[in-house]
Amino acid sequence: MARIKISSTSVDKCSLSKFYAEKVPGLRLPTIQREFVWAPEDIKDLLDSIIQGYPIGAIIMWKPDVDFPSVPLMGEDKKTKNTVYILDGQQRITSLMLVMNGWKIKRGNKEIPTTPIRFVPESDKFYIGERKGIDVCQIVRAAMADSDALINLQKNYPTTYKKAIDAVGSKIANYELPLYTLESHVTDDNQEEIYEGIAEIFTRVNSAGQPIGNLQMFLSFFAAAFPRDAKDAVINVHEHFSETFELDLEPLIRFIFSKMGMSQNQITKVKSFKSAIKELKETYKGKQKQILSIIANARQAITVVLETLDKELGVSSTQFVPSQITLLPLFEYAY
């Protein structure tokens, strides 16, 4: 039986400037992670927490000896050896990369922008937008010895740039980010049980009894040993709607599983979900065509809803939807 064993767990600290320069190029996100959803207000609060000296939480990373569908944290999609995945902390890390990279980053073939945040030295406060204050990105990059940023600050803010660098730039650039790295290895090559082991890692990282996350649900779907074609179909559906509508995996999985007979209550908790998925495995054993038909029909229903929202109401992205879960009744109606 294939098993994934945690061979080591290391705890380390790394300054944000070093993390940005040395670790980011090798970090990847599982493709079924939810999209970056933090608003500028969330990023502003994160920066304020850092300069006030509050902890912002650890980043949990995973270094396995098996590959998993993923995208780069930042930059072009170039596969590297010894891939390290971010298990927890994607929103915080993405926010900090935006701060340090001029308020937009490229993630594979997708650009992620946000509204700039500025700092007013006279009031020691952050502001969203470009109407007043000094660009925090320029302040941080100057603290990281970026000569262009430093010259720009000296020229445009000769009386306040030093205070800005001391009060904000240095504190952010030198902030020591707690890092947990899990290393694992596979004892066999049974692909189905490899996924089951991966699901167990993600579930254990998530606190027991907490609402199950979309990543755990997806991995548990893999672990349920459905046919490989069905797994590939779900990946393709998610990638398509993530690209075109920024649809998270959670509403997609909830909808597909509901059409296979699982209740929404069963999806809410880790334990109930794991037991319900086993029942689905038995129910659909040897029924690959039926599974693929459900997935295909679900994709068609979602397409109808999203195209209607776009054409009739001008809703072309999930950013215009208060909660993606509110789409489920529409998907059900179209199905």
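Quick notes on the rules
Residues numbered from 1 in each chain as written. Predicted model: local features only at pLDDT ≥ 70, side-chain atom pairs only at ≥ 80, totals over all residues. Heavy atoms only, no water. Helix = DSSP H or I, 4+ residues; strand = E, 2+ residues; numbered from the N terminus. Buried < 20%, exposed > 50% of the residue type's maximum accessible area, 1.4 Å probe, protein only. Contact = heavy atoms within 4.5 Å. Areas by Shrake-Rupley, 256 points an atom, 1.4 Å probe, with all protein chains shown as cover. Axes fitted to C-alpha atoms, helices over the stretch in contact; angles between N-to-C directions. Parallel < 35°, antiparallel > 145°, perpendicular 65-115°, else oblique. Left-handed = near helix turned anticlockwise from the far one by under 90°. Phe/Tyr/Trp six-rings, centres within 6.5 Å; stacked < 30°, edge-to-face > 60°. Salt bridge = Lys/Arg side-chain N within 4 Å of Asp/Glu carboxyl O. Core = buried A, V, L, I, M, F, W, Y, C linked by side-chain atoms within 4.5 Å. Nonpolar A, V, L, I, M, F, W, Y, C, P; charged D, E, K, R; others polar. Pairing = 2+ DSSP bridges.

Summing up its helical and strand segments, the protein has 14 helices and eleven strands in all. Taking all 335 residues of the protein together, 48% fall into the buried category. Residue pairs at least 24 apart in sequence account for 73% of intrachain contacts in the protein once pairs closer than 6 positions are excluded. When the accessible area of the protein is evaluated, it comes to approximately 16700 Å², of which 47% is carbon and sulfur surface.

In this section: the packing of helix α10 (residues 249-259) against helix α13 (residues 288-313). As a packed pair, α10 and α13 sit with axes 10 Å apart at the nearest point and diverge in direction by 130 degrees. The orientation of α10 with respect to α13, classified from their angle, is oblique. In the crossing of α10 with α13, the sense of the turn from one axis to the other is right-handed. Contacts between α10 and α13 pair L252, F255, I256 and K259 from the former with I294, I295, A298, A301 and I302 from the latter.

Applying the stated criterion across every chain, the model contains four aromatic pairs. A centroid spacing of 5.6 Å and a plane angle of 35 degrees characterise the contact between W62 and Y85, whose relative ring orientation is tilted. Placement of the pair is W62 in strand β3 (residues 59-63) and Y85 in strand β5 (residues 84-88), with a sequence separation of 23 residues. Y85 matches W62 in its accessibility class, with the two residues each being buried. Ring geometry for F255 against Y335: centres 5.8 Å apart, planes inclined by 90 degrees, an arrangement best described as edge-to-face. Residue F255 is found in helix α10, and its partner Y335 is found in the segment after α14 (328-334); the two are separated by 80 residues along the sequence. Residue F255 is classed as buried on the basis of its relative accessible area of 1%. Residue class for Y335 comes out partly exposed when judged on its relative accessible area of 36%. Counting every residue linked through ring pairs, the aromatic cluster contains F255, F331 and Y335.

Under the criterion given, the structure shown has seven salt bridges. Note that R28 is salt-bridged to D77, the shortest N-O span being 2.8 Å. With R28 in strand β2 (residues 27-30) and D77 in the loop between β4 (70-72) and β5, the pair connects residues that are 49 residues apart, well separated along the chain. What makes R28 buried here is its relative accessible area of 3%. The salt bridge partner of R141 is D146, with a shortest N-O separation of 3.1 Å. Classification of R141 as partly exposed rests on a relative accessible area of 24%.

Nonpolar side chains tend toward joint burial in soluble globular proteins. Residues F19, L47, M97, V136, I172 and L177 are the most contacted members of the largest nonpolar core, which totals 49 residues. In this view, M97 contacts F19, Y20, V24, L73, M74 and I105; residues no more than four positions away in its chain are not counted. Core analysis: the next-biggest nonpolar cluster, separate from the first, contains 35 residues, V234, F241, I277 and L280 among them.

On to the packing of helix α2 (residues 40-52) against helix α6 (residues 161-173). Where α2 contacts α6, the axes come no closer than 9 Å and their chain directions differ by 90 degrees. One way to sum up the angle between α2 and α6 is to call them roughly perpendicular. Across the interface between the two elements, L47, I50 and I51 of α2 pack against A167, V168, K171 and I172 of α6. Its residues assigned to classes, the contact of α2 with α6 comprises six nonpolar, no polar and one charged.

A few words now on the sheet that holds strand β9 (residues 125-128). Read across the sheet, three strands follow the order β9-β8-β10 without closing on themselves; strand pairing throughout is antiparallel. Each edge of the sheet is formed by a strand with only one pairing partner; in this case those strands are β9 and β10 (134-135). Inspection of the sheet shows strand β8 (residues 117-120) paired to β10 by two bridges, in the antiparallel sense. Bridging from a neighbouring strand, F119 pairs with I134 of β10. Packing against the sheet, α2 makes contact with β8 and β9, and its axis sits at approximately 165 degrees to β9.

What follows covers the pairing of strand β7 (residues 110-113). Across the two faces of β7 the burial differs, with K110 and I112 buried and E111 and P113 not buried at all. Here strand β6 (residues 104-107) pairs with β7 via four bridges, running antiparallel. For K106, the partnering residue across the bridge sits in β7 and is E111. Between the end of β6 and the start of β7, which pair antiparallel, lie two residues, with G108 showing a positive phi angle near 70 degrees.

On to the environment of G26, then. Checked against the element boundaries, G26 lands in the loop between α1 (16-23) and β2. The spatial distance from the C-alpha of G26 to the C-alpha of L73 is 8.2 Å, given a sequence separation of 47 residues.

Further remarks concern the pairing of β9. In this structure, β8 lies alongside β9, joined through four bridges in antiparallel fashion. The partner of R118 across the bridge, within β9, is Y127. Counting the residues in the hairpin turn of β8 and β9 gives four residues, including D124, whose phi is positive at 55 degrees.

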